Amino acid sequence: MVTITIDGKQISVDENLSILEAAQEADVKIPTLCYLKDVNEVGACKMCVVEVEGSRHLVTSCNTKVKEGMVVNTHSERVVNSRKQVLNMLLANHDVRCFSCSKSGDCRLQDLSNEYGITKSCYPGSAAKFEAKKENPFLTYYPELCINCQRCVSTCNKVSCNGTLHNSKIGTRTLIDAPFGPDWKETDCESCGNCAAVCPTGALVAKNRKKYQVGKVKKVLTTCPHCATGCQYYLVVKDNEIVDVEPANGPSNKGLLCVKGRFGSFHFVHSPERLKYPLIKNHETGEFERATWDEALDLIAAKFTEIKKKYGSDALAGFACSRSPNEDCYMLQKMVRCAFGTNNVDNCARVCHSATVAGLAMTLGSGAMTNPISDITNDVDVIMLVGSNPEEAHPVIGMQIRQAVERGTRLIVVDPRDIGLSRQADIHLKLKPGTNVAFANGMMNVIIHEGLADEEFIRTRTEGFEELKKIVEEYTPERVAEICHIDADHLREAALMYAKAKKAPIIYCLGVTEHSTGTEGVMSMSNMAMLVGKLGRSGCGVNPLRGQNNVQGACDMGALPGDLPGYQKVTNPEVIAKFEKAWGVELNKKPGVHATDVFPAAIRKEIRGLFIFGEDPVVTDADQHHIRKALESLDFLVLSDLFMTETAQYADVILPGTSYAEKEGTFSNTERRVQRVRKAVTLEGEMRLDTDIFIDLMNRMGYPQAQLTSEEIMDEIASLTPSFAGISHRRLDKGESIQWPCPDKKHPGTPILHVGKFSRGLGWFYPAEYVPSAELPDEEYPFIMMTGRILYHYNTRAMTGKTPGLMEKEGHSFIEMNTEDAVRLGIENGEKVKVTSRRGTLITTARVGDKVSPKETWMPFHFPDGNANILTNAALDKYARIPEYKVCAVKVEKLPAEDRLAENF
Ligand SMILES: Nc1nc2c(c(=O)[nH]1)N[C@H]1C(S)=C(S)[C@@H](COP(=O)(O)OP(=O)(O)OC[C@H]3O[C@@H](n4cnc5c(=O)[nH]c(N)nc54)[C@H](O)[C@@H]3O)O[C@H]1N2
Ligand SMILES: Nc1nc2c(c(=O)[nH]1)N[C@H]1C(S)=C(S)[C@@H](COP(=O)(O)OP(=O)(O)OC[C@H]3O[C@@H](n4cnc5c(=O)[nH]c(N)nc54)[C@H](O)[C@@H]3O)O[C@H]1N2
Ligand code: SF4
Ligand code: SF4
Ligand code: SF4
Ligand SMILES: [Mo]
């Protein structure tokens, strides 16, 4: 600590602070323009100058450290004159027609000019005129408003870590070479808008800002509805319409957002395509007809009751929506269990991370991410990223991984493709799809042989090691290199790098889970971490990045066939007794059917009535043809959604639900953090709260369910779920941020799992042998096809597809293939091709390069003009029943000349 005097006030402060930070502690305001803590502390704008006794020159307070005995004057005449001088210089080249600027009223330059009484510069400005860059659909750069403060450049380089913003010299002026011009689509800019968020003027600005004036809008703090990063932001609402998004400083996003959160999370709310009233299918005409809520709900209750009476409760099933709040998912599973009388309830985790839920529960005792995002991206030595593409799928986590790499963290990427992060990786193991188990066994073989296993950890905290060791012995680096198509020495290097690091998290995603051996892939991840004792402590762990905004929550809430809320087992009589007492109903004790098994069961007529809440399986489940057949086989299908989806076409009744912006509730992000979702707008139409729909239906089917608000539902959840016992809307509204388990009202939540002891007691090494994928390439179908997602669209595109700018950037399906294969087949980049698997055929556009290896291809599943799921294989994992989306066999063919150039099939 040092003692200094600021404006006559004596204070003691940390010696590492700058004068500016010390002044902030003393409540003394020093004006700044370019300063951004830890990001831009260059002292470029000179607004923050102060007078320090004994120093001849004024000093910039943002980058001058305090010293014992320092006497600082922040508002002397000399200081004020200097600041006026700075403003005069800045305004000379700044277009001051503020009334036409969208940042007017919210501009630091304008505020400071007013404060210092400078309305017009006393200097002549440069005569040069510069064109705005405005082709990017979300962002514009107006050079005439730029004061060259460098905040945007530093943010793009050090925070988003994208590196696309640079300075350029035009004549005497330094301006920003912003990638928003005519070639914006070809640049590496991700349109995240984090640069615009820090621009102190209207120079670099989001186009949405044009739609409103600050002061005339309301801001509602909520959680992003796309991926499970759980970014916090404000919805900016003008006259009951969401017009913009502003980042909030949430625990997982730290003020950052990605393009979907910032620009793709509200157009869909107001889309004219929203379902507005209930629809019943007229089976004579095949058309949907408008109905009243009473007609629709009575019909559903009658039909479902009839099926139940004729064929038993287990002929009914319901899917929960992982895009919707915990409270909605809880009520959906309660409806299925109490009113339908079955455990046939599931959610899209089945096709996503069910292998994680099953695999980590078996080996560690809890199927959730072990460590917080900030813990595994800050101050860690090595990150091992397996089958996870966070730059596109969890972009704000991707940004934090890029920051870690910039700070010196080493990166191992294990992915069959050149993803963005593989460029920054120390080691990229570009393994053959479907060979994760062999890779992990090879890593462990090296670790054991090099004597790097943590024997103490293995002895005290785990079981099953001897059996694992026996299996792993067979996976020599040379054998694994052959199976995985990688270099044996690279595998050795990766094993040493991971094992020797003090702190090294494994981060993994669907490249591990979406296989017919997905659960064993997941258990291979926990095997590796246990072998080197990297569990139950900071900066380590086994970290699945969950997908949907609330898929963690949908599972936590018991939308699973074998689990009641909080993973309390349906097969445990004590659990059943507790819920029977609380819910006042006799519960079905037979574990239900998994979502992926519901479709074949429908074809066999074992399941006859299905309630789908916010999912679109025709588009997203493997082997579309088989899903369509299953839906046609049902006696009665009900759908609650925001839009008329592909699946909705098969429904008997369609119910209009409400989006995240129209309701209260909570989402649980990937790190088990429960965060609030708040109502921002009320829309015209007959849409109803999804929870009210379920409550009404329960009552109509004879289960008396009281009307409850979202807050009351969370209280019920807490009363029945030990891991949620301390969680309530009230605590969250006070600003607390809680990661479950949170066993009581005083408990702060649990950031790191398995500290000192695994949830299952001892951690279990699962001895996994490598088993090849269910469908391998052969002469007829010579290519492996993988599938996955891209940055700009989200799953079915139901929501992101309503933002025109996102469609402008990426609007059509494509297939990535290797140049070697393309040359052999005479296929050029950008050409239309025909892709066929044993299940179907589609036409799409070839993207040729070396992102994928020869004999391998990759497709997104977002686009209707060539949906990858026409081709995918519905082979299921034996434990989790997850489909093998990541590997099937296809052939790719050149189209006849006349079809080749035809646009947009
Ligand atoms: N922009 C965007 N973000 C999203 C979504 C979206 O649709 N769009 N969806 C959300 C959802 S629901 C989820 S679950 C997550 C998914 O997030 P991710 O799992 O990160 O995304 P994917 O693209 O499905 O696959 C990840 C990677 O697995 C690799 N891979 C394929 N096969 C293998 C293999 O056999 N082994 C290994 N090691 N890697 C393999 C692929 O090359 C790909 O880079 O994203 C969420 N975020
Ligand atoms: N080929 C291939 N296929 C895949 C994958 C892959 O990697 N490859 N990944 C799989 C994965 S990981 C997942 S998670 C699934 C996702 O599959 P889905 O869950 O089917 O996809 P989403 O687009 O998330 O669909 C959500 C639906 O919910 C609606 N909705 C959103 N919010 C609400 C709400 O609050 N209330 C109501 N009533 N409706 C709402 C939306 O309008 C949308 O129609 O796709 C899977 N499909
Ligand atoms: S939008 Fe994001 S990636 Fe593009 S220039 Fe700005 S900060 Fe960089
Ligand atoms: S665009 Fe804005 S943030 Fe970037 S240098 Fe210019 S004024 Fe500063
Ligand atoms: S990273 Fe995920 S949660 Fe964050 S803004 Fe982007 S889509 Fe939303
Ligand atoms: Mo997912």
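- Going by the annotation in an unreviewed UniProt entry, the name recorded for the protein is Formate dehydrogenase subunit alpha, with Simiaoa sunii given as the source organism.
- Taken verbatim from the UniProt record of the protein, the Subcellular location (unreviewed entry) comment is "Membrane".

1. With respect to the UniProt feature "domain: 4Fe-4S Mo/W bis-MGD-type" (unreviewed entry) in the protein
- Using the residue numbers shown here, the UniProt feature "domain: 4Fe-4S Mo/W bis-MGD-type" (unreviewed entry) corresponds to residues 217-272.
- For residues 217-272, the end-to-end C-alpha separation is 23 Å, with 9% helix and 36% strand making up the annotated structure.

2. Quick notes on the pairing of strand β34 (residues 832-837)
- Burial within β34 is extensive, with five of its six residues counted as buried.
- In terms of strand pairing, β34 meets strand β35 (residues 840-849) through six bridges, oriented antiparallel. When the bridges of β35 are listed, V833 appears paired with T844.
- As consecutive antiparallel partners, β34 and β35 are separated by two residues.
- Summarising the sheet, β34 and strand β39 (residues 888-894) pair through four bridges and their orientation is antiparallel.

3. Some details on helix α24 (residues 624-633)
- Buried residues of α24: Q624, H626, I627, A630, L631 and S633, and no others.
- For α24, the secondary structure elements touched by its buried residues are α22 (595-603), β25 (609-613), α23 (617-620) and β26 (636-641).

4. Structural notes on the site of ligand 2
- Contacts to ligand 2 come from 33 residues, most closely from R323, T620, D641, T796 and N869.
- The side chain of S640 places a nitrogen or oxygen atom 3.0 Å from a nitrogen atom of ligand 2.
- A distance of 3.1 Å is found between an oxygen atom of ligand 2 and a side-chain nitrogen or oxygen belonging to K886.
- In the shell around ligand 2, the residues fall into twelve nonpolar, twelve polar and nine charged.
- When residues are assigned to domains, the shell around ligand 2 turns out to be shared by domain 3 (279-349 + 550-739) and domain 5 (783-904), each giving three or more.

5. Remarks on the sheet that holds strand β4 (residues 59-60)
- Strands sit in the order β2-β1-β5-β3-β4 across an open sheet of five strands; the sheet is mixed. In the strand order of this sheet, the two ends are held by β2 (9-13) and β4, each with one partner.
- The strands that helix α2 (residues 77-92) touches are β3 (49-52) and β5 (71-73); relative to β3, the one it contacts most, it runs at about 155 degrees.

6. Quick notes on the pattern of salt bridges
- Applying the stated criterion to the full structure yields 52 salt bridges.
- E391 is paired through a salt bridge with R402; the nearest N and O atoms lie 2.6 Å apart. Of this pair, E391 sits in helix α11 (residues 390-393) while R402 sits in helix α12 (residues 395-406), placing them eleven residues apart in sequence.
- Exposure remark for E391: the relative accessible area of 10% places this residue in the buried category.
- Under the relative-accessibility criterion, R402 is labelled buried at 3%.
- R608 is paired through a salt bridge with D635; the nearest N and O atoms lie 3.0 Å apart. On the criterion of sequence distance, the pair formed by R608 in the loop between α22 and β25 and D635 in the loop between α24 and β26 is long-range, its members being 27 residues apart.

7. Some thoughts on the site of ligand 5
- Around ligand 5, the structure places C224, H226, C227, T229, G230, C231, L257, C258, K260, G261, P395 and V396.
- Elements supplying a minimum of two residues to the shell around ligand 5: α6 (259-263) and α12.

8. Quick word on the UniProt feature "domain: 4Fe-4S His(Cys)3-ligated-type" (unreviewed entry) in the protein
- This chain's UniProt record puts "domain: 4Fe-4S His(Cys)3-ligated-type" (unreviewed entry) on residues 78-117.
- Measuring from the first to the last C-alpha atom of residues 78-117 gives 16 Å, for a span that is 57% helix and 0% strand.

9. Comments concerning the state of the cysteines
- What the rule picks out here adds up to zero disulfides.
- In this model C101 remains outside any disulfide bridge; the closest cysteine sulfur is found in C107, 6.3 Å from its own.
- Residue C101 is classed as buried on the basis of its relative accessible area, which comes to 19%.
- Left unpaired, C742 is separated from the closest cysteine sulfur, that of C555, by 20 Å.
- Assessed through its relative accessible area of 0%, C742 is described here as buried.

10. Brief notes about the environment of Q552
- Turning to its location among the elements, Q552 is positioned in helix α20 (residues 551-556).
- Residues Q552 and G367, 185 residues apart in the sequence, show an inter-C-alpha distance of 9.6 Å.
- Every residue in contact with Q552, bar those within four places of it in the chain, is listed here: A368, R546, Y567, S668, N669, T670, R672 and W740.
- One polar contact links Q552 to R546, side chain to side chain, over a distance of 3.1 Å.

11. A look at the packing of aromatic side chains
- Counted by the stated rule, this structure contains 15 aromatic pairs.
- Pairwise contacts between aromatic rings join F304, F340 and F636 into one cluster.
- In this structure, R290 packs its charged tip against the face of Y277, placed 3.8 Å from the ring centre.

12. Re the side chain of Q739
- For Q739, the position within the fold is in strand β30 (residues 738-739).
- A distance of 3.5 Å separates a polar atom in the side chain of Q739 from a polar atom in the side chain of R673.
- Dropping the residues within four chain positions of it, Q739 is found in contact with P372, E671, R672, R673, G749, T750 and P751.

13. Topic: the domain arrangement of the protein
- For the protein, the assigned domains read domain 1 (2-75), domain 2 (124-270), domain 3 (279-349 + 550-739), domain 4 (354-544) and domain 5 (783-904).
- A straight line from the C-alpha centre of domain 2 to that of domain 3 covers 38 Å.
- The partner domain 3 presents 22 residues to the 24 residues of domain 2 that form the contact.
- Summing both sides of the interface, domain 2 and domain 3 together bury roughly 1700 Å²; the carbon and sulfur share of this comes to 56%.
- On the domain 2 side of the contact with domain 3, T223, A228 and F268 bury the most area, a combined 26% of that side's loss.
- There are zero salt bridges connecting domain 2 and domain 3.
- The tally of links between domain 2 and domain 3 comes to 13 residue pairs in polar contact (both at pLDDT 80 or more).

14. A short note on the packing of helix α13 (residues 436-449) against helix α19 (residues 518-531)
- Direction vectors running N to C along α13 and α19 enclose 15 degrees, while the axes themselves pass 9 Å from each other. For the element pair α13 / α19, the angle class is roughly parallel. Crossing angle aside, the handedness with which α13 passes α19 is left-handed. Contacts from V437, F439, A440, M443, M444, I447 and I448 in α13 reach E520, G521, S524, N527, M528 and L531 in α19.
- For the contact of α13 with α19, the residue count by class is nine nonpolar, three polar and one charged.

15. Focus on empty space enclosed by the protein
- Enumeration over the complete set of coordinates arrives at seven cavities of 30 Å³ or more.
- For the second largest cavity, the calculated volume is near 100 Å³.
- Lining of the second largest cavity is provided by 15 residues; of these, C156, T164, C189, C192 and C195 occupy positions nearest its centre.
- A class-by-class count of the residues in the lining of the second largest cavity yields eight nonpolar, six polar and one charged.

Rules behind the numbers
Residues numbered from 1 in each chain as written. Chains lettered and ligands numbered in written order. Predicted model: local features only at pLDDT ≥ 70, side-chain atom pairs only at ≥ 80, totals over all residues. Heavy atoms only, no water. UniProt positions renumbered as here; feature names shortened; annotations may be inferred. Helix = DSSP H or I, 4+ residues; strand = E, 2+ residues; numbered from the N terminus. Buried < 20%, exposed > 50% of the residue type's maximum accessible area, 1.4 Å probe, protein only. Pairing = 2+ DSSP bridges. Contact = heavy atoms within 4.5 Å. Near = heavy atom within 4 Å. Polar contact = N/O pair within 3.5 Å; in protein donor to acceptor, adjacent residues only side chain to side chain. Nonpolar A, V, L, I, M, F, W, Y, C, P; charged D, E, K, R; others polar. Domains from an automatic or database assignment. Axes fitted to C-alpha atoms, helices over the stretch in contact; angles between N-to-C directions. Salt bridge = Lys/Arg side-chain N within 4 Å of Asp/Glu carboxyl O. Disulfide = S-S within 2.5 Å. Phe/Tyr/Trp six-rings, centres within 6.5 Å; stacked < 30°, edge-to-face > 60°. Lys NZ or Arg CZ within 6 Å of the ring centre and 35° of its normal. Buried area = accessible area lost by both parts, 1.4 Å probe. Parallel < 35°, antiparallel > 145°, perpendicular 65-115°, else oblique. Left-handed = near helix turned anticlockwise from the far one by under 90°. 1 Å grid on protein atoms, 1.4 Å probe; cavity = no way out; pocket = protein on both sides within 12 Å on 5 of 7 lines; lining within 4 Å. Points joined across faces, edges and corners; volume = space filled by probe spheres on them.

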